[in-house]
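Secondary and tertiary structure notes
Each chain, written out:
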Amino acid sequence: MYGLRGLHAPEDFARLASAATATSESIARDLRAGLRKGVDVIDDLDDISDAVCSVVDVAELCRNTHADARWVRAAERAYVDLQAYVHALNADRGLYLALVETHERHLRAVERARRDANGLPDSRGSGAEATTGEEKKKNDTSADRLSAEAARVALTLRRDFERGGIHLDDARRSALERASSAVVRHGMSFQRNLLDPDALGTAELDRSELRGLPPSTAARLSLGGANVHQPPGRARVPLDQRTLGQCMRWVESRDARERVYRAAYGGPEANRAELARLLRARAEVAEILGFDSHARYAVAPLMAGTPEAVRATLDAARDATNERLVAETEHMRRFFPNGENEKKENVRSWDRAFLAGRARAALASERAAAGGASSADAYFGLARVVAGVSKLAERVFGVALVFAEFLPGEAWCADARKLEARDAETGERLGTVYLDLAPRAGKFPHAAHFVARCSRDVKNRRTLPSVALVCNFGRVGGAFEETYLAHAELETFMHELGHAMHSVLSRTKYQHLSGTRCAADLVEVPSHVFEYFAWDEDAISLLSAHRVTGDSMPAALLRRLRRGKDLFAATDLRQQIVFAGVDLETHAMPSGTIDADAIRDVASRVSERGFHPWNSDSGSRDSVERDCAWELRFGHVVGYASTYYSYVYARLVAAAVWETHFSGGALEPGAGRRLTDGILRRGGAVAPEALVRDLLGRDALLDVAGGIAPDNRAALRELEKGGGFF
């Protein structure tokens, strides 16, 4: 099942996990004994990683997609057991010392070659005695020099070992383990509170204040669910994220929206303490490892390099969109429904979704009046989209995506489909892309790209990659051929396809650096580039066919859709900048300064600068939203941990990639080849900044504050070109 040999029944997970551990241990014994040297050490460590990942990655996919609880439980047990084994490997000093010896020998060999090439004296100094020919032969370090890719594996593995504290003394290592355990514990507690209806709470409204909500939602809230004590004429609104979003989008009463918003973002109260504990524990981890903040610890190995460079990136994007934000806010004010007084007030957090929705609805009405009433949803049949994607991949990337039959027992559900990726010219198999696109009970509820197997070279034989695109399109039980996507869902599918192509086209020697196993602020670049295809007229001609006429979507309809998307493009960007800014700045605080009030101060200040740049920072403490602690519901703080900025960062890089290589000729094969050769094939085997500069030119990245910031001009030109309502 899932392409993993030997996986036929739930109980096979335990056997496969045990076999992976045994294989790893057989390799590790020679490493611990010092029997392996040079590149053999790197090869062996990658073999260990591959043995474990081949099972744990499938277990992760299975526990998120299989409908049978027995399979899910077995996958979860295997996942937990193997993660515990990985933790033990990361604390294995014998493996670490073998790696350090190999890496240090490599570094000395590189330095020796550099000195020899420049005619510099021996590093022992001018007073060193001359060496004999035999001594020179003995000291020859050329055999210690690793290939560029092997050296990068050594660097990243050593960094991973040391970020786990393996080089620390016993006291500091124990302190690190306590702090790391606290990070996990408080992160899980924070997330649990976001799923607990009691922790999320409710808000009470008059039923008349539900006006504007979809009838089914209003009826549900009026009935009050299981609450038999609901007062007559009143509605108790549960503050889960779905209901909150519906209220912010549809409730017409501004006062009611504000009360719901304040009730929601007054908690969960328990997360006030949990967030402070989580951030404090992360700061302690960083400080034990020698960093002044968790932000510096998290960003150091990434393309940005320093928190200051991230801050410069966010500030530059924010400042460059101030004028556009003001104009968009003024346009939003036109859609307040009740008189001129509200139109003169600031647009607040409880207004944006409502006003933006009304503005877009007005634009749609204009489109209908102009004869453009045909729905975009009628054009994107799932079967057509997949067939169109295959044509696009073949034309642009030279890759054919062909439907293939599952092997007996390979599929995990009736809805799944299998694509084989092949070189369009030679027919060579490149990998497998599984599609699991229909909703089911218990399935992972979001869109994601799961790696089932990484590509790698083993003794001149290539292990082919396999990935799964997991989405939730259409209705439960809906047939693949009868499912139609909204345009936003098409954009989501293209995003995940970008990740899949990154994995499938990777040609690294080591699985440790394969495909999407690269820097967090690079990994989203290909996926964002692929989103652009959903807005390109030539690409849409391949991806669309009207369900009745079979015609491709008219260019005029696509442009009108784009106008709706661009209507509040600066506002949408500023929201991401605010999320990224709060994630960064709360993780930049020293452990001794972190408490709930300090976190609220940071979030309030960043939010005010993000959405009300005409106000001074000094006024943020008196903001009418000062007590609205939205960060208590920001679940991404658990997963991203100082790196949410990578979304904005990758967006800026992707805009430059599209403008430079695809704009005006998106279906030309040269553009896809350049992206493949520049980024996709190379995974994490090359420093991310080197990849981007090779693809876009040195000036595409700016040396800023000890780190790197992307040039944002392409993104700003795109924003200006989009126009919105102008």
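Conventions we followed
- Residues numbered from 1 in each chain as written.
- Predicted model: local features only at pLDDT ≥ 70, side-chain atom pairs only at ≥ 80, totals over all residues.
- Heavy atoms only, no water.
- Salt bridge = Lys/Arg side-chain N within 4 Å of Asp/Glu carboxyl O.
- Buried < 20%, exposed > 50% of the residue type's maximum accessible area, 1.4 Å probe, protein only.
- Helix = DSSP H or I, 4+ residues; strand = E, 2+ residues; numbered from the N terminus.
- Arc of directions from axis to C-beta.
- Contact = heavy atoms within 4.5 Å.
- Polar contact = N/O pair within 3.5 Å; in protein donor to acceptor, adjacent residues only side chain to side chain.
- Expected span 1.5 Å × (residues − 1).
- Lys, Arg positive; Asp, Glu negative; His and termini not counted.
- Pairing = 2+ DSSP bridges.
- Axes fitted to C-alpha atoms, helices over the stretch in contact; angles between N-to-C directions.
- Core = buried A, V, L, I, M, F, W, Y, C linked by side-chain atoms within 4.5 Å.

Within this structure, the stated rule accounts for 64 salt bridges. Arg36 is paired through a salt bridge with Asp40; the nearest N and O atoms lie 4.0 Å apart. Overall, Arg36 belongs to the partly exposed group, its relative accessible area being 30%. Given a relative accessible area of 31%, Asp40 falls into the partly exposed group. Of the charged contacts, one joins Glu659 and Arg717 as a salt bridge, the two residues approaching to 2.7 Å between their closest N and O atoms. Taken together, the residues span a long stretch of sequence, with Glu659 in helix α26 (residues 645-661) and Arg717 in helix α29 (residues 713-722) at a distance of 58 residues. We classify Arg717 as partly exposed; its relative accessible area is 42%. Three or more residues joined by partner-sharing salt bridges are found here, namely Asp46, Asp47, Asp50, Arg453 and Arg456.

Since the α-helix turns once every 3.6 residues, residues separated by three or four places project in the same direction. Taken as a whole, helix α9 (residues 215-223) has its buried residues at Thr217, Ala218, Leu221 and Ser222. Buried residues in α9, looked at end-on, bunch into an arc of 130°, giving them a common side. When the buried face of α9 is taken as reference, the exposed residues oriented beyond 90 degrees from it are Pro215, Ser216 and Leu223. Where the residues of α9 are buried, they touch β2 (234-238) and α10 (241-250).

Before going further, it helps to examine the side chain of Arg456. With respect to the secondary-structure elements, Arg456 resides in strand β7 (residues 456-458). Within the structure, Arg456 has its side chain in polar contact with the side chain of Asp46 (distance 3.1 Å). Setting aside chain neighbours within four positions, we find Arg456 in contact with Asp46, Asp47, Asp50, Arg461, Arg462, Thr463, Thr508, Lys509, Tyr510 and Gln511.

Attention now goes to unusual backbone geometry. Most peptide bonds adopt trans geometry, and most residues besides glycine take a negative phi value. At the junction of Gly267 and Pro268, the peptide bond is cis and its omega measures out at 5° in the coordinates. Relative to the helices and strands, Pro268 resides in the loop between α11 (254-264) and α12 (269-288). In this structure, Tyr2 is a non-glycine residue whose phi angle is positive, near 55°. Topologically, Tyr2 is positioned in the segment before α1 (12-32).

Here helix α7 (residues 170-195) is 26 residues long and its end C-alpha atoms lie 38 Å apart, about the 38 Å a rise of 1.5 Å per residue gives. Of the residues making up α7, those classed as buried are Leu176, Ala179, Ala182, Val183, His186, Gly187, Ser189, Phe190, Asn193 and Leu194. The residue sitting at the N-terminus of α7 and contributing the capping side-chain oxygen is Asp169; that oxygen lies 3.2 Å from the backbone nitrogen of Ala171.

In this section: the environment of Ala687. Note that Ala687 resides in the loop between α27 (669-678) and α28 (688-696). Here Ala687 falls in the partly exposed class, since its relative accessible area comes to 22%. Along the sequence, Ala687 and Leu302 sit 385 residues apart, while their C-alpha atoms lie 9.0 Å from each other.

Turning our eyes to something else, we now look at the side chain of Glu524. Relative to the assigned elements, Glu524 resides in helix α20 (residues 520-533). The charged side chain of Glu524 is buried without a salt bridge, its nearest counter-charge being Arg651 at 8.2 Å. Here the side chain of Glu524 touches His495 through a polar contact of 3.1 Å, side chain to side chain. Within the structure, Glu524 has its side chain in polar contact with the side chain of Ser527 (distance 2.8 Å). Here Glu524 is in contact with His495, His499 and Ala650, once residues within four sequence places are set aside.

Turning to the pairing of strand β4 (residues 417-423), a few remarks are in order. When strand β3 (residues 399-403) meets β4, the two strands line up antiparallel, connected through 5 bridges. Within β4, the position partnered with Leu401 by the bridge is Ala421. The antiparallel hairpin formed by β4 and strand β5 (residues 429-436) contains 5 residues in its connecting segment, where Gly427 sits at a positive phi of about 80°.

Time to look at the sheet that holds strand β6 (residues 448-453). The sheet built from 5 strands is open, its strands ordered β3-β4-β5-β9-β6 with mixed pairing. Two strands lie at the open edges of the sheet, namely β3 and β6, each paired on one side alone. The average undirected angle you get between the axes of adjacent strands in this sheet is 25°. Packed onto the sheet, helix α2 (residues 39-65) meets β5, β6 and β9 (466-470) and runs at close to 140° relative to β6. The strands touched by helix α19 (residues 487-504) are β3, β4, β5, β6 and β9; relative to β9, the strand with the most contacts, the crossing angle is about 175°.

Attention now moves to the nonpolar core. Counting 148 residues, the largest nonpolar core has Phe397, Phe493, Met494 and Phe533 as its most contacted members. With 54 residues, the next largest nonpolar core counts Leu7, Leu45, Leu89 and Leu513 among its residues.

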